[in-house]
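Spelled out from the first residue to the last, the chains are:
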Amino acid sequence: MCSGVAILRDKLTDPLILRHELGWRLHDRSLDHSGRFEARFMFAERRPQLPVVHDGQLVIYEWGMAFEKNRKCFRVGYCKEEGLRADNWRYLKPEPVVIPADYGFERGVWFAIVEGVRGIVVRDEQERPHVFVLTQPSTHYYQMMTKRDREPVLVEQVI
Amino acid sequence: MIGHVDADCFYVSAERVRFPHLTGVPVGVIGNHGACIIAKSYEAKAAGIKTGTPIWEGVTLCPDAVYVKRDFRWYEALSRKMLELVKEVSPRVEFYSIDESFYEVEVIDPHGLQAAILERVGVPVSVGIAPTKTLAKLCSDSSKPFGVRIVTSDDERRELLAGIPVTEVCGIAGKAAIKLAAHRITTCDEFVAADNRLIRKLLTVVGERLWYELRGEPVLPVLISRAAHQRIARGGSIGRATRDPARVAAFVVRNVERVVEALFYYQVTCDQLTLSLDFRGAPGRAIRCSLLGSTADTGDLRDAALWLLPRVWRPASATVHYMHVIADRLRPLTDRQRSLFERRTVKDERIEFVKRSINDVVGRFALRSASTLPLTDVYDDPANSYDIPDIHGKTCF
């Protein structure tokens, strides 16, 4: 799967950073702290978010949806591509989107992403948008890298 | 004078050409199977990551490092662009390896060449210039990253060699270093100060050539074309170790098809075939067989390799994780020894031609032997599309 993504700071506008209070998400990846900032979005956060290109605009949406079952709260943030193809999500009227990302993260491994990750946006009862990351069975390579049996569907890229 | 151009952390630099945002951040390039780091940036190196480090250790050493899947096609494309630029400044250039080349220096302008490669290819290189190939390589190695070093006088040569471990010299490693150490020769200056008869006794004429080279007397020429192959080998790790006979046989056939590609490229045939297998928890084994005449035919080589397989694989319960198919005793295609029992027909040649033509257009292995069907998962996995030894024309591995 993909438990986090990072996007370069230069790709985010100042108003977007201010509106969504993204300042705390900025990290400098360079070892010499030369100011190569990127914004990190992790699924493990209390209220995870993702950048999404929706209707041609870069916006920030909530990553997945929280559910309660047997008094336990859990969050669903991924959508299997096979399930989407089988129309299992049709009743939610999913819209395909691209999650722009420069790096993906899984089990401690940051990997380079060329363009972005494919996802879907669905709306809840209050018409609030939620984004889900599309996943597919891992290639042998991705499985070796991350020890995961599912990987994100990337735009024009296979790992 | 001879120049040596050596790209600085080439695979990482090549990735930074197309992903400039990787500049300045720790980067590791992952090898053919997604588990080992085969190249690292200087930033990753500073964090303790070494070539060959497994990715799970790399993650601990440098949590912020970014990992990139190797793309040998891209690296080869940039390598050939670099080579073209070196050819612009010299009529005699040796394509030594994917990231290195030697050239005969006509005009000493290493900074100009360095700047041209950086501007037109995007890859930083170090350049060494010296009277011999071995010294030129030491010069560029000692000036990394993005440095230039020129050795023209004896004093400069002595300064270069002072204190450098003899194992830094290409061609001296392992057993050779142990033999030298027994005679208290551990550095390059000690090596050149030793008697050449002793060096020849210890390291044969190959070591003696290096002795002359390090003294500034050129004996190794710049090779503008690759010397004829002694043998051609294809193979490597097979990913998940297995004891499934069908899967191992399919890997043998895959490697035979890679060998046949190389034999066709170099227009040679072979008289012998060797199959070597490495096992988990048991010593590796290799067996060679002579072929009926010189051949580069897929059918002949596949049959020979599959005949060898049960003879090498004893006991058959051993788990195979590494293999090589090696074509030995090569002859030019035009000078091949024909066999009385030749089976190859015009129809076979047509089939080979059609297979090659289709694969050239549609993609490598698009048409392949049905014996490789147990490897459908490998062929369907785009991560397995390219292997580094299949870059043709280098003088070194």
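Residues numbered from 1 in each chain as written. Chains lettered and ligands numbered in written order. Predicted model: local features only at pLDDT ≥ 70, side-chain atom pairs only at ≥ 80, totals over all residues. Heavy atoms only, no water.

**Concerning a nonpolar patch on the surface**
Residues and elements named next belong to chain B.
Stage number 1. A contiguous nonpolar surface patch, about 570 Å² in accessible area, is contributed by F353, V354, I358, V361, V362 and L367.
Stage number 2. By the secondary structure assignment, I358 is in helix α13 (residues 346-362).
Stage number 3. Owing to a relative accessible area of 33%, I358 belongs among the partly exposed residues under this scheme. (Patch = residues over 30% accessible without salt bridge, like charges linked within 9 Å, V, L, I, M, F, W, Y side chains within 5 Å. Areas by Shrake-Rupley, 256 points an atom, 1.4 Å probe, with all protein chains shown as cover. Salt bridge = Lys/Arg side-chain N within 4 Å of Asp/Glu carboxyl O. Helix = DSSP H or I, 4+ residues; strand = E, 2+ residues; numbered from the N terminus. Buried < 20%, exposed > 50% of the residue type's maximum accessible area, 1.4 Å probe, protein only.)

**Observations concerning the interface of chain B and chain A**
Stage number 1. Every contact between the two is made by 32 residues of chain B and, on the other side, 24 residues of chain A.
Stage number 2. Carbon and sulfur atoms supply 63% of the area buried between chain B and chain A, which totals about 2,200 Å² over both sides.
Stage number 3. If you sort the residues of chain B by the area they bury against chain A, H21, D64 and K69 of chain B come out on top, with a joint share of 23%.
Stage number 4. The tally of links from chain B across to chain A stands at 1 salt bridge.
Stage number 5. A salt bridge links R40 of chain A to D64 of chain B, with the nearest nitrogen and oxygen atoms 2.9 Å apart.
Stage number 6. If you look at where chain B meets chain A, you find 10 residue pairs in polar contact (both at pLDDT 80 or more). (Contact = heavy atoms within 4.5 Å. Buried area = accessible area lost by both parts, 1.4 Å probe. Polar contact = N/O pair within 3.5 Å; in protein donor to acceptor, adjacent residues only side chain to side chain.)

**Things to note about the environment of P91 of chain B**
Stage number 1. With respect to the helices, strands and loops of the structure, P91 of chain B is situated in the loop between α4 (72-89) and β5 (93-97).
Stage number 2. The spatial distance from the C-alpha of P91 of chain B to the C-alpha of Y103 of chain B is 8.0 Å, given a sequence separation of 12 residues.

**Observations concerning the domain arrangement of chain B**
Stage number 1. If you check the domain split of chain B, you get domain 1 (8-72), domain 2 (75-215) and domain 3 (232-381).
Stage number 2. Relative to domain 3 of chain B, the C-alpha centre of domain 1 of chain B lies at a distance of 32 Å. (Domains from an automatic or database assignment.)

**A look at the sheet that holds strand β3 (residues 37-40) of chain B**
Stage number 1. The strand order across the open sheet formed by 8 strands is β2(A)-β3(A)-β1(A)-β10(A)-β11(A)-β4(B)-β2(B)-β3(B), and the pairing between neighbours is mixed. The open sheet has two edge strands with one neighbour each: β2 (26-28) of chain A together with β3 of chain B. With strand direction ignored, the average angle separating the axes of adjacent strands in the sheet is 35°.
Stage number 2. Here strand β2 (residues 27-30) of chain B runs beside β3 of chain B; their pairing, made up of 3 bridges, is antiparallel. From the neighbouring strand, V29 of chain B faces β3 of chain B, where its bridge partner is A39 of chain B. (Pairing = 2+ DSSP bridges. Axes fitted to C-alpha atoms, helices over the stretch in contact; angles between N-to-C directions.)

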